[in-house]
Amino acid sequence: MDNAKVYCGFIIFLQIADLPREAAYNFSLCHHEDIRDDLLNAFDERMTFSEGPLLDFHTCEEESAGPQLSEVRPGERGPQGLGRPPGAAGGPLAGVRPGGGAGLQGAVAAHRARGAAALPRLSAASGGAAAAWRGAVRRAQGAGADGDVEELHELGIDGQTDVLYIFFPLDSLFIVRGPSPLANRLNLLRSPAATLYGCAIKAFQPRAMPRPWLSLPQSLWAVGERFGQRTAPPEVGCDFRAARGSGAACGSMAAERGGLFAGFRALGRYSSHVPHVLRYHGRHREFYVATAVGRSVHTYNVKKLGIVAVSNALLQDITCLAADRMLIFASYGDVFHAIARNKEVVHTYEGHKARIHLLQPFGDHIISVDVANVLIVWDIQSEEEYLQVIFDKATFAVSAILHPSTYLNKILLGSEQGGLQLWNIRSNKLLYSFPGWGLGVTTLAQAPAVDVIAVGLVSGHIIIHNIKFDETLMKFQQDWGPITAISFRTDGHPVMAAGSPVGHIALWDLEEKKLMSQMRNAHSTAVAGMSFVPGEPLLITNGADNAIRVWIFDGPGGTGRVLRSRMGHSAPPTKIRYHGQNGEQILSAGQDGTLQSFSTVHERFNKSLGRGSINKKKSKKKGLQHDTMALPPITAFASEVAHQNDWDGIVACHQEYITCTTWSYQKTSMGTHKLRPEEFSKNKPINIYATAVDITTCGNFAVVGMSTGQVDVYNMQSGIHRGRYGKERAHEGSIRGVAVDGLNQLTITAGSDGLIKFWKFKAKDLVHSTDLSSSPSGILLHRDSGILGIAFDDFGISILDIETWKIVRKFSGHHGRINDMTFSPDGRWLITSSMDCTIKTWDLPSGCLIDCFLLDSAALSLTMSPTGDFLASAHVDDLGIYLWSNRSLYSLVSLRPLPADYEPSVITLPGTCPLQDVDVAEGEDKCDEMIEYDSPEQLGEQLVTLSLLPESRWKNLLSLDVIKKKNKPREPPKVPKSAPFFIPTVPGLIPRYAAPEQENDAQSKVVNIGVLAQKSDFYIHLEEALSTNEYTAPLNLLKDLGPSNIEIELRSLAPEGGGSPEVMLSFLRMIGMMLNKKYNFELAQAYLALFLKLHLKIVSSEPSLLEEISRLSTQLEETWIHLRTLFNQSLCVLTYMKSALL
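Residues numbered from 1 in each chain as written. Predicted model: local features only at pLDDT ≥ 70, side-chain atom pairs only at ≥ 80, totals over all residues. Heavy atoms only, no water.

To continue, consider the overall build of the protein chain. Of regular secondary structure, the protein chain possesses 15 helices and 64 strands. Excluding contacts between residues fewer than 6 apart, the proportion of contacts in the protein chain whose partners are at least 24 apart in sequence is 52%. When the accessible area of the protein chain is evaluated, it comes to approximately 54,700 Å², of which 52% is carbon and sulfur surface. (Helix = DSSP H or I, 4+ residues; strand = E, 2+ residues; numbered from the N terminus. Contact = heavy atoms within 4.5 Å. Areas by Shrake-Rupley, 256 points an atom, 1.4 Å probe, with all protein chains shown as cover.)

Turning next to the packing of aromatic side chains. Tallied over the entire structure, the rule returns 18 aromatic pairs. A ring pair is formed by Tyr725 and Trp759, whose centres lie 5.7 Å apart and whose planes are at 55°; its orientation type is tilted. With Tyr725 in the loop between β46 (721-724) and β47 (735-740) and Trp759 in strand β49 (residues 755-760), this residue pair connects regions lying 34 residues apart in the sequence. In this structure, Tyr725 and Trp759 share a single accessibility class: buried. By the ring-pair criterion, three or more aromatic residues cluster together here, those being Phe336, Tyr349 and Trp378. The positively charged end of Lys764 is found above the aromatic ring belonging to Tyr725, 5.7 Å away from the centroid. Above the face of the Phe761 ring, Lys764 is positioned so that its terminal group lies 5.9 Å from the ring centre. (Phe/Tyr/Trp six-rings, centres within 6.5 Å; stacked < 30°, edge-to-face > 60°. Buried < 20%, exposed > 50% of the residue type's maximum accessible area, 1.4 Å probe, protein only. Lys NZ or Arg CZ within 6 Å of the ring centre and 35° of its normal.)

Structurally, the α-helix is built with 3.6 residues per turn, so residues lying three or four positions apart point the same way. With 12 residues, helix α10 (residues 1017-1028) ought to run about 16 Å at 1.5 Å a step, and its terminal C-alpha atoms sit 16 Å apart, in line with that. Looking at α10, one finds that the buried residues are Phe1018, Tyr1019, Leu1022 and Ala1025. For α10, the arc enclosing every buried residue in end-on projection is 115°, short of the 170-degree limit, so these residues lie on one face. α10 presents Asp1017 and Ser1027 as exposed residues on the side facing more than 90 degrees away from its buried surface. For α10, the secondary structure elements touched by its buried residues are α11 (1032-1039), α12 (1043-1051) and α13 (1061-1077). Asn1029 occupies a position one or two residues after α10 and carries a positive phi of about 60°. (Expected span 1.5 Å × (residues − 1). Arc of directions from axis to C-beta.)

Of all hydrophobic cores here, the largest spans 38 residues; its most connected members are Leu1053, Phe1067, Leu1068, Met1070, Ile1071 and Tyr1087. Put simply, the parts of the chain that give this core at least two residues each are α10, α11, α12, α13, α14 (1081-1101) and α15 (1103-1139). Excluding residues that lie within four positions of it along the chain, Leu1053 makes contacts with Phe1018, Tyr1019, Leu1022, Gly1059, Ser1060, Val1063, Met1064, Phe1067 and Phe1091. (Core = buried A, V, L, I, M, F, W, Y, C linked by side-chain atoms within 4.5 Å.)

A few words now on a nonpolar patch on the surface. Nonpolar side chains collect at one region of the surface, where Val1133, Tyr1136 and Met1137 lie side by side and expose about 340 Å² of accessible area between them. For Val1133, the location among the structural elements is in helix α15. (Patch = residues over 30% accessible without salt bridge, like charges linked within 9 Å, V, L, I, M, F, W, Y side chains within 5 Å. Salt bridge = Lys/Arg side-chain N within 4 Å of Asp/Glu carboxyl O.)

Once that is clear, we can look at the sheet that holds strand β56 (residues 829-834). With mixed pairing, 5 strands are arranged side by side in an open sheet as β55-β56-β57-β58-β62. Two strands lie at the open edges of the sheet, namely β55 (818-823) and β62 (906-907), each paired on one side alone. Pairing between β56 and strand β57 (residues 838-843): 5 bridges, direction antiparallel. Directly across from Ile831, in β57, lies its bridge partner Thr841. (Pairing = 2+ DSSP bridges.)

The strand order β27-β28-β29-β30 describes an open sheet built from 4 strands, whose pairing is antiparallel. Edge strands, defined here as strands with exactly one partner in the open sheet, are β27 (486-488) and β30 (514-519). The average undirected angle you get between the axes of adjacent strands in this sheet is 25°. Judged from the 5 bridges that link them, strand β29 (residues 505-509) and β30 form a sheet pairing that is antiparallel. Each residue of the ladder has a partner; that of Asp509, found in β30, is Lys514. (Axes fitted to C-alpha atoms, helices over the stretch in contact; angles between N-to-C directions.)

Counted by the stated rule, this structure contains 19 salt bridges. Arg1051 is the salt-bridge partner of Glu1047, the closest N and O atoms lying 3.2 Å from each other. Of the two residues, Glu1047 and Arg1051 are both situated in helix α12; the distance of 4 residues between them amounts to about one turn of the helix. For Glu1047, a relative accessible area of 6% gives the class buried. A relative accessible area of 46% means that Arg1051 is categorised as partly exposed. What you see here is one network of salt bridges that share partners, running through Glu640, Asp694 and Arg783.

Packing of α10 against α11 leaves a shortest axis separation of 8 Å and a crossing angle of 160°. On the basis of their axis angle, the class for α10 and α11 is roughly antiparallel. Viewed along their axes, α10 and α11 form a crossing whose handedness is left-handed. Where α10 abuts α11, its residues Asp1017, Phe1018, His1021 and Leu1022 lie against Ala1033, Pro1034, Leu1037 and Leu1038. The class makeup of the residues in the contact of α10 with α11 is 6 nonpolar, 1 polar and 1 charged. (Parallel < 35°, antiparallel > 145°, perpendicular 65-115°, else oblique. Left-handed = near helix turned anticlockwise from the far one by under 90°. Nonpolar A, V, L, I, M, F, W, Y, C, P; charged D, E, K, R; others polar.)

What follows is about the confidence of the model for the protein chain. Fine structural detail should not be taken from predicted coordinates in areas where pLDDT scores are low. Confidence along the protein chain averages 76 in pLDDT terms, with 72% of residues attaining 70 or more. Throughout residues 916-929 the model reports pLDDT below 50, and contacts reaching past four residues in sequence, or to other chains, amount to 16 contacts. (pLDDT = per-residue confidence, 0-100.)

Further remarks concern the side chain of Asp370. Mapped onto the fold, Asp370 is located in strand β16 (residues 365-370). In this structure, Asp370 is buried with no salt-bridge partner, the nearest side chain bearing the opposite charge being Lys393 at 7.9 Å. Within polar-contact distance, the side chain of Asp370 engages the backbone nitrogen of Ala372 at 3.1 Å. Those residues in contact with Asp370 that sit more than four places away from it in its chain are His352, Lys353, Ala354, Arg355, Ile356 and His357. (Lys, Arg positive; Asp, Glu negative; His and termini not counted. Polar contact = N/O pair within 3.5 Å; in protein donor to acceptor, adjacent residues only side chain to side chain.)

Here we come to unusual backbone geometry. A positive phi is found at Asn373, a non-glycine position, where the angle reads about 70°. When its relative accessible area of 2% is taken as the criterion, Asn373 is described as buried. Unusually for a residue other than glycine, Phe795 sits at a positive phi of about 70°. Here Phe795 shows up in the loop between β52 (787-792) and β53 (797-801). Residue classification places Phe795 among the buried residues on the basis of a relative accessible area of 18%.

Right, let's get into the pairing of strand β41 (residues 660-664). Within β41, 5 of the 5 residues are buried, which leaves the element mostly enclosed by the surrounding structure. Side chains Cys660, Thr662 and Ser664 project from β41 onto one buried face, and the interleaved Thr661 and Trp663 project onto a second face that is buried too. Across 4 bridges, strand β40 (residues 650-654) lies against β41 in antiparallel orientation. What sits directly across from Cys653, in β41, is Cys660. Linking two consecutive strands that pair antiparallel, namely β40 and β41, is a turn of 5 residues; a positive phi of about 50° is found at Glu656 within it.

Position of Ala872 relative to the elements: it lies in strand β60 (residues 870-875). Distance from Ala872 to Leu267, taken between C-alpha atoms, is 9.5 Å for residues 605 residues apart in sequence. If we ignore the near neighbours within four places in the chain, the residues touching Ala872 are Ile576, Tyr578, Ile586, Ser861, Leu862, Thr863, Ile881, Tyr882 and Leu883.

Okay, the packing of α14 against α15 next. For the pair α14 and α15, the least separation of the axes is 12 Å and the interaxial angle reads 150°. Classified by the angle between their axes, α14 and α15 sit roughly antiparallel to one another. Crossing angle aside, the handedness with which α14 passes α15 is left-handed. The segment α14 lies against α15, with Phe1081, Gln1085, Leu1088, Leu1092, Ile1098, Val1099, Ser1100 and Ser1101 engaging Pro1103, Leu1105, Leu1106, Ile1109, Leu1112, Leu1116, Thr1119 and Leu1123. Among the residues making up the contact of α14 with α15, the classes are represented as 12 nonpolar, 4 polar and no charged.

Time to look at the environment of Thr541. Position of Thr541 relative to the elements: it lies in strand β32 (residues 538-543). The spacing of Thr541 and Ala522 is 19 residues in sequence and 8.5 Å in space, taken between C-alpha atoms. With near-sequence residues (within four places) excluded, Thr541 lies in contact with His276, Ile505, His523, Gly529, Met530, Ala547, Ile548, Arg549 and Trp551. Polar side-chain contacts of Thr541 include one of 2.8 Å to the side chain of His523.

Let us now look at the environment of Cys698. Positionally, Cys698 belongs in the loop between β43 (690-695) and β44 (701-706). For Cys698, a relative accessible area of 24% puts it in the partly exposed group. On a C-alpha basis, the gap between Cys698 and Gln644 in space is 10.0 Å, while along the polypeptide they are 54 residues apart. Setting aside residues up to four positions removed in sequence, Cys698 forms contacts with Ala642, His643 and Asn744.

Shown next, in the form of structure tokens:
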């Protein structure tokens, strides 16, 4: 039973609608004979099926015998030429990628097991393949339901999505999402134009069912019920739509569940594939640009390109954007909203049955067009439909919309067939049809001249057309593909700019009717939006490469240069680490090959360190698209702030590249040194590359681990090789991690051979070697506490003490490969992320799991702020860096161990706008596990207990006279002389004011307090305690007073202050009671010291007071001798533990 592999079913949604038709696809498929033909017919005609290597899991006769993995030989052919092992029945698994010949290979896994001879109940199909799928599924199960076809629409799957049913072994779940050796080996879904979603739905024999990677509706979990006993679907926090992008649906996320971390905000996201909109604020007299970023709208001022506002998050990612003078309109799916003041949603428009892809403000109305070719005109304020027009998609599929300038109540529509139509919205009449140019229209733009528009076509042609006379004025052509955006300069220069799918921008001279200049590589992806600022030589562009740029045209030749920009990673980040000790900068390395720094304070502090290059001069000459000198993406890096002003402070290793590079944070560029072993300095080895790096605390040395097992040391200042650990190599296998302690005494290396080795840093001698139970996948050292976190290939975690070389903690619970680890600043928590899409927090002192939350995408990298306030994470297929606030710093959080059967709910990633604190407060009320601990007055009868009062209440009682002396004013305050209503004058011809009379008040203003003194509550309680011997009440009154009031109360106990020796005796007995009960120990010392300072003369003259003082002195001495003995014993044990050799 233990050796048998566990199988788990998957549903794969493969989006093939956006794949280019001119590409060839190799697709290998293995499936049941009774649904094979229907399955092949369900795909689009652009897909071609050819023979490829197949994988099959044979049937195991006994449960203890695990299924064997075998590769199909090309000579073995199944039905219709599909490669298939003899006798294999199995279900289909497919991999697709563009390319010809053997290019991207398909991977097929088939499943055979008892009770799974036919496909289980597949709930639905979609689009044109619905009929084929319905018949295939019904034949597979023998029956079907009529309403099943509609269920996939609840998942947001459109009509161009096909559904495949596949199997994987449970230990290979990670190949569906994220990078892994197995995923690279199978070449599963390598096309960037395809989208893959996966969900584990059922397991054959698991003891604990793996968590889903996406939250799916309850109906889809019925797919696996024929695999054995029915397992209820887990409770999740959001449905499919919400899990893919809704923050509002899940509320305050971690705050509601009472977890340790709560979503705060996202960093490094600025733009998407949605074109931006440009607005002018009349009162501010300033232009603003709005971009769609995920589910929010970012508003920037053009003057400084600084963030002005972030809108509230919508339910899904925004797909279309428009704006008028007052509102911003954003759509997703079949709904769009109106956003006021760049912040809150004020209007919602519902009525479309398909996805909205065009929006056009039109005075007091807004026009929307969906992919089903339905045009609706809405009244903005009332949210009511004013007009609805349905077009025939076969003859006129609306692809562009424009309101021509000065054309009242009229709109111009462009179509995929190439024709144009001019409509009067008020009368609902078609005024004129333009025959077009036989090619699809991609964009329409208004020229500065009235009646003239620019039409962009899919062929790359740009037509300047007069719509009043239906006459073509000019015609241009670009060889970069379809026109994506067009804009005209309005500052007196007859220039038109046109964007392309490859990121280039062409500038056309309308007077000379020729190409004026080109702006190549303006974006690394297609230019999504482009707008010239009215009356200024400024061009604003944005693209799907997560960049928004402002170009200025102030140089010769008419070519623009970048004036301002906001950009993040154009490909998902793979490794993030906090830089420095202030917790304000996060270094991030992405798959785009760049190294960037993001500020958690303000985006104006962001930096881009650029992209690694073998030769930076040659790279600049060749440009971004044709750069053959570019280095592969960074896979691991380490940084230190010490000496970063003097030399490079960052070292990085690249994907399957032998040379490590250094980077300068101060110069924001790649450094001059290339760290490479001397034996490979002249030739480039094959399959030898750097795998791990670390940098010492002093910033002087870098330690580099290689795939061959070598570990080398380099000097960061000079780049010179300074030694190697071991004679030839440190490990027999590949290096999985290197670390150097805080004092440069030990170097720790971990290899794939299952060994952790400790070396003397300077002498390079081996000190100790620890044999591990499994091969480590990575290590992380907390230098301050000397603890080493080790992640294993079997998904386990161990904690090793580098002082004793022993494993002190072991954790298990992840169901996927562990991607990254990070320690809390104090070394108390270890936070791990895994491909099972969970982030778990382990408490090292107790050895328990104290927090766990589930995300809809796996976290590839984690890093904890050095100040402990934020946890940062980077995720699969996501361009942003997400901050999670540490709720234990500002609220009560339960740190109790989680139960073994704890099931976390799906938490959505935070948006770009910080969450409100009120959500956290609401979460505290809902946390029923949190019980506030009230410390008792006395912990134990034999224990000396201190009070809970702050030191300011008792520590300065003996220094009050000094404090008063320092705070005493230099001169007494003077009362201002009040002027009379009528100023007196001296009688005479010349008017003169009379001098004020001097007041001679010889009467003393000192009042004899002793005569008027009244007994305070403290005094009264002390008098009552003489008879009752209960001193709790006066003590509580004294604890509530401040230092000055305490001094006044103690002064009033003396006879000259209105007191008596009897009350003074009662006060001393109260101190004796506190010493007897051994609580409020420091208060008793402070109160007694102040009492003796104030009344020492009176105490020496009263026999009763002297007797009580002598009794207190003996009691104090006995207590202190006992405490001193305990202190000495503890110090002795601690000294021995620190100096003893264990």
